[in-house]
Amino acid sequence: MEERCRLHVLAIAILKSGRLKRTMYSQLGSVEIALYSKLSVAEFNLLQDEVSSLTLVSNKSVGEIPAEIGNLRNLVRFAVEHSGLTGSIPPAIFNISSLKDLIIANNSIFGSLPMDLCHRLPNLEILFLYDNKFVGSIPRDIGNCTMLQQLRLARNNFTGAIPLEMGNLRYLKVLRLPVNSLIGSIPPNIFNISTLEDITFAVNHLFGNLPSNLGLWLPNLKRLLLGGNELDGKLSDKGFVKSSKMLMGKRIGVG
């Protein structure tokens, strides 16, 4: 058993009793856990140095994300979607500095994000927290996730302004914040992120003027959804309209 535990875990199925039903090993360093009950601390300790990718698959009868996941100190990807999970994100997960992909979507997770989120997770490239019950503001520290490429926080209860520091995310391609309670204007430096392909801020409480030459600033833009706000401004022929003709066949809309 000790020799087998030195190998990378590929899949573990958990019975309701909490005992291991099947364990498969490979060199891939990833693990998929069917959560019918929580893993014990001892079981997670067997995995903590081996696992780099963890996907939780649930039958929607499970309660909270196991706190012991914070013991997986070499984790690069953590994903749990459509699982009916509740509770808050275990604080220890924000101490796994190796994380690049943090995907906790389509659940009933609540709570706020730590104000030092990106100080603790500096390597994040994907952050998906959409379709949950998160509250509070988007941390200004988000600007320190300088490798972030996709940020999706749709359909939560985030409040406050969109952080000005978000304009520091020079590799960002997807920025989706719709159906929250965000207020204020859109930070103008967001429109300087030339890598952006998808901006969705629809159904918030945003106001202010859009720059008329938006299309020239965002040459890679494929999707722009801003409806359900109080935004003003006309996108001129020199800006967005001209750019949309250059991006023939790509989906671009305001509303």
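Along each chain, residue indices are assigned from 1 in the same order as the chain's sequence is written. Given that the model is predicted, a residue must reach a pLDDT of at least 70 before its local features are reported, and side-chain atom pairs must reach 80 or more before they are shown or counted; all residues, however, enter totals for whole chains, interfaces and linings. Hydrogens and waters are ignored; side-chain quantities use all the structure's heavy atoms.

1. Notes on the overall build of the protein
- Check the secondary structure of the protein and you find 5 helices and 17 strands.
- Exposure is judged per residue with a 1.4 Å probe applied to protein chains only, and the accessible area is read against the type maximum: over 50% gives exposed, under 20% gives buried, and values in between give partly exposed. Within the protein, buried positions represent 47% of all 255 residues.
- Across the protein, the fraction of contacts at a sequence separation of at least 24, relative to all contacts at a separation of at least 6, is 49%.
- Methods summary: accessible areas were calculated by the Shrake-Rupley approach with a probe of 1.4 Å, and residue burial reflects only the protein chains presented. On the protein, roughly 12,200 Å² of surface is accessible, and the fraction owed to carbon and sulfur atoms is 52%. Only DSSP runs of H or I reaching four residues or more are called helices, and only runs of E reaching two or more are called strands; each is numbered from the N terminus. We call two residues contacting when some pair of their heavy atoms lies within 4.5 Å.

2. Examining the state of the cysteines
- Any cysteine sulfur atom paired with another within 2.5 Å is treated as part of a disulfide. Here the structure, examined in full by the defined rule, presents 1 disulfide.
- Disulfide pairing places C118 opposite C145 at an S-S distance of 1.9 Å. One quick way to see it: the torsion about the S-S bond of C118 and C145 is about -100°, and its sign makes the bridge left-handed. In this pair, C118 sits in helix α3 (residues 117-120) while C145 sits in the loop between β9 (133-137) and β10 (150-152), placing the two residues 27 residues apart along the sequence. For the pair formed by C118 and C145, the shared burial category is buried.

3. Re the confidence of the model for the protein
- For every residue, the predictor reports its confidence as pLDDT, a number between 0 and 100. Summary statistics for the protein give a mean pLDDT of 77 and a share of 69% for residues scoring 70 or more.
- In the model, residues 1-30 has pLDDT below 50 throughout and makes 71 contacts with residues more than four positions away in sequence or in other chains.
- The low-confidence segment residues 239-255 (pLDDT under 50) makes 35 contacts with residues lying over four places distant or belonging to another chain.

4. Some words on the packing of aromatic side chains
- Here a Phe, Tyr or Trp ring, Trp counted by its six-membered ring, pairs with any other such ring whose centre lies within 6.5 Å, and the pair is stacked when the planes are under 30 degrees apart, edge-to-face when over 60, and tilted otherwise. Per the counting criterion, the structure on display carries 2 aromatic pairs.
- Between F128 and Y130, the ring centres sit 5.8 Å apart and the planes meet at 50°, which makes this aromatic pair tilted. For the residue pair F128 and Y130, the accessibility class agrees, reading buried in each case.
- Remark: a charge is flagged as sitting over a ring if the NZ atom of Lys or the CZ atom of Arg is within 6 Å of the ring centre and within 35 degrees of the ring normal. The ring centre of F128 lies 4.9 Å from the NZ or CZ of R152, which sits over that ring.

5. A closer look at the nonpolar core
- Take the buried Ala, Val, Leu, Ile, Met, Phe, Trp, Tyr and Cys residues and link them wherever side-chain atoms come within 4.5 Å; each set so joined is a nonpolar core. In this structure, F78, L102, M166 and F201 are the most contacted members of the largest nonpolar core, which totals 53 residues.
- Among the secondary structure elements, those contributing two or more residues to this core are β5 (77-81), β6 (101-105) and α3.
- Ranked by size, the runner-up nonpolar core spans 7 residues in total, among them A79, A105, F128 and A154.

6. So, the pairing of strand β15 (residues 205-209)
- At least two bridges found by DSSP between two strands is the condition for calling them paired. The pairing of strand β13 (residues 181-184) with β15 spans 2 bridges and is parallel. Each residue of the ladder has a partner; that of G184, found in β15, is L206.

7. So, the sheet that holds strand β7 (residues 110-111)
- Spatially, 6 strands are ordered β7-β9-β11-β13-β15-β17 in an open sheet, and the strand pairing comes out parallel. Strands at the two margins of the open sheet, each flanked by one partner only, are β7 and β17 (230-232).
- Here strand β11 (residues 157-161) pairs with β13 via 3 bridges, running parallel. What sits directly across from T159, in β13, is S181.

8. Points about the environment of G233
- Along the chain, G233 turns up in the loop between β17 and α5 (237-246).
- Remark: the alpha-carbon pair of G233 and L210, spanning 23 residues in sequence, is separated by 5.1 Å.
- If we skip the residues at most four places from it in the chain, G233 touches N209 and L210.

9. Digging into the pattern of salt bridges
- Criterion for a salt bridge: a side-chain nitrogen of Lys or Arg within 4 Å of a carboxyl oxygen of Asp or Glu. Taken as a whole and assessed by the stated rule, the structure comprises 7 salt bridges.
- A salt bridge links D198 to R223, with the nearest nitrogen and oxygen atoms 3.6 Å apart. Remark: R223 occurs in strand β16 (residues 223-225) and D198 occurs in strand β14 (residues 198-200); sequence separation between them is 25 residues.
- By relative accessible area, which is 6% here, D198 ends up buried.
- A residue is classified by how much of its surface remains accessible, and R223, at 21% relative accessible area, is partly exposed.
- One salt-bridge network, held together by shared partners, links R176, D198 and R223.

10. Structural notes on the pairing of β11
- Note that β9 and β11 share 3 bridges and pair parallel. The residue of β11 that forms the bridge with S137 is T159.

11. Concerning the side chain of N132
- Here N132 is to be found in the loop between β8 (126-128) and β9.
- As used in this structure description, the phrase polar contact means that two N or O atoms lie within 3.5 Å; if the pair is within protein, one of them must be able to donate a hydrogen and the other to accept it, and residues adjacent in sequence are counted only when both atoms belong to side chains. In terms of polar contacts, N132 uses its side chain to reach the backbone carbonyl oxygen of I104, at 2.8 Å.
- Within the structure, the side chain of N132 is placed 3.5 Å from the backbone nitrogen of S108, a separation counted as a polar contact.
- Excluding residues that lie within four positions of it along the chain, N132 makes contacts with I104, A105, N106, N107, S108, I109, R155 and N156.

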